[in-house]
Amino acid sequence: MNKMKSYISRAVKIKKRIDEMATCSDDKIVLSRLFGTKSFLDCTLKIEAWMTNAGLQTHIDNIGNVRGRLESSNPNAKTLVIGSHYDTVINAGKFDGTLGVIAGVDIAENIIHQKKHLPFHLEIIAFSEEEGVRFGAAYMGSKVVASNFDHHVLELKDDNGMGVSEVLQSMKCNSALISGDAIPEKDWLAYLEIHIEQGPVLYEKNIPVGIVSAIAGQRRIEILFRGEAGHAGTVPMNMRRDALSAAAHFIVGVEEYASHERRNVIATVGKIVVPNAAGNVIAGDVFSTLDIRSSDEGRLAKAYESLYILCEEICRKRNIYFEWKLIMEMEPVACDDNLKSLLNQSIKGKNIEPVNLVSGAGHDAVIISKVAPVAMLFVKCFKGISHNLLENVEIEDIATAIEVADDFINRLASNS
């Protein structure tokens, strides 16, 4: 079998496994696989079995990360981690996260099959919780591995009142042992994440892979607007304290602020909840989220301050009480120059034009960057669509991604 056919064959296998993972869903109509659910646990066992069959030393740690390790003959060697996540948003696409997980397993399996001896340990990690959908706390899995886990997260509860600690117990994980699952900072060599672009640049340029130069910083906020509920037919318009009207005005203001072309900011109100809603009732309470992102820390901080002031002004004019709660804060991350250079060489070696991209989406690489040099390889995605059933990646582009990753590892090994 020639080299290209071999990579296509590997890509077909990766795609079949991603399709199989997509059958593990909380919903029978759309793909939703939230942390700690039955479908999530089913997927955990599939990944562990594939890692074991590849020849890796496997275990599931105390936050539910699935981990497969290939030891170097040098016991004092550092560790290269290849990883991504296997939880999803609600109504998800099947490649987000999972492509990086299964590509990592395939890369390790190929190294073992070829009996290559690496000068570093190799660990493939399927991170358990990156999206933060069920409990509102993202990056649980990678935070554990990076010694950055906040144990107060264990007290969080989902919409049904079930706590993180209870979910971990149902998964047969021991939250008291979480700190022992970290890779010490001194033991890290590097981190590589292979991920769909989740944007249209590679698709529009018809380029199979690209190099992530930086990952945007992010702030997530929960906002409560509290007015006064009332009868829709009897309370005069000029006497209303309508929480929903205040929230609506704020949402439009957020869009207008972020649409300013020179601000380099993206802002989204992605969730709004009106308790006890009815067609003939003025809303008393409204809960909403706000997501602000930028690759520039100064612009991110300015947007956060400006949107808080906007919310304050709207609520003051409408006599609405509001609560503003910052629930997540991530600084922008620059990917490692040396690792980017190695990826650049690997891509050029395949006669592909290197493209550098800033990721507007968050990734586990953000967390790992606090303890190790990180690199990300983006893979072309159909029209840049993600977090959507239409999310798709071509077999040929998967093949190119693993070929580039193989070459990258060889170059990293030569430099170690």
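Small disclaimer: the values here were computed from a predicted structure and weren't measured.

Cut-offs used in this document
Residues numbered from 1 in each chain as written. Predicted model: local features only at pLDDT ≥ 70, side-chain atom pairs only at ≥ 80, totals over all residues. Heavy atoms only, no water. Helix = DSSP H or I, 4+ residues; strand = E, 2+ residues; numbered from the N terminus. Buried < 20%, exposed > 50% of the residue type's maximum accessible area, 1.4 Å probe, protein only. Contact = heavy atoms within 4.5 Å. Areas by Shrake-Rupley, 256 points an atom, 1.4 Å probe, with all protein chains shown as cover. Lys, Arg positive; Asp, Glu negative; His and termini not counted. Charge placed at Lys NZ, Arg CZ, Asp CG, Glu CD. Salt bridge = Lys/Arg side-chain N within 4 Å of Asp/Glu carboxyl O. Core = buried A, V, L, I, M, F, W, Y, C linked by side-chain atoms within 4.5 Å. Pairing = 2+ DSSP bridges. Right-handed = clockwise from strand over helix to strand, strands pointing away.

Colleague: Help me understand the overall build of the protein chain, please; the structure alone is not making it clear to me.
Modeller: Per the secondary structure count, the protein chain includes eleven helices and 16 strands. With respect to the three principal axes, the spread of C-alpha positions in the protein chain is 80 × 45 × 40 Å. Counting only residues that meet the buried cut, the protein chain has 53% of its 416 residues in that class. For the protein chain, the proportion of contacts with a sequence separation of at least 24, taken over those separated by at least 6, is 78%. Looking at the protein chain as shown, the accessible area adds up to about 18,800 Å², and 49% of this sits on carbon and sulfur atoms. Computed over 45 positive and 54 negative side-chain charges, the inter-centroid distance for the protein chain is 3 Å.

Colleague: Would you take a moment to explain the pattern of salt bridges for this structure?
Modeller: Opposite charge on two side chains permits pairing when their charged atoms draw close. Scanning the model with the defined rule gives 23 salt bridges in all. For R69, the salt bridge identified is with E123, shortest N-O distance 2.8 Å. Within this pair, whereas R69 is found in strand β2 (residues 66-70), its partner E123 is found in strand β4 (residues 121-127), the two being separated by 54 residues in sequence. Residue classification places R69 among the buried positions, given a relative accessible area of 19%. Using a relative accessible area of 5% as the deciding quantity, one classes E123 as buried. It is possible to trace a salt-bridge network through shared partners that takes in D61, R67, R69, E71 and E123.

Colleague: Would you explain the nonpolar core in this entry?
Modeller: Side chains that are nonpolar tend, in soluble globular proteins, to be buried together. Judged by nonpolar contacts, the single largest core of 102 residues is most densely connected at I47, L122, M140, L168, W188, I368 and I409. Top element by residues in this core is helix α11 (residues 395-415). It accounts for ten residues. Each residue touching I409, except ones within four places of it in the same chain, is listed here: L80, I82, I107, I111, L118 and F120. Within the second largest apolar cluster, 26 residues are counted, among which are I223, I314, I320 and W324.

Colleague: Would you mind going over the pairing of strand β3 (residues 79-85) with me for this structure?
Modeller: Moving residue by residue along a regular strand, the side chains alternate between the two faces of the sheet. Most of β3 is tucked away, with seven of its seven residues classed as buried. Alternating positions in β3 separate into two faces, T79, V81, G83 and H85 on one and L80, I82 and S84 on the other, with burial throughout. Where β3 lies against β4, seven bridges are found, and the strand directions are parallel. Bridge pairing in β4 links H85 to F127. As for the winding sense of the linkage, the β-α-β connection from β3 through helix α3 (residues 98-113) to β4 is right-handed.

That is the geometry; function is a separate question.
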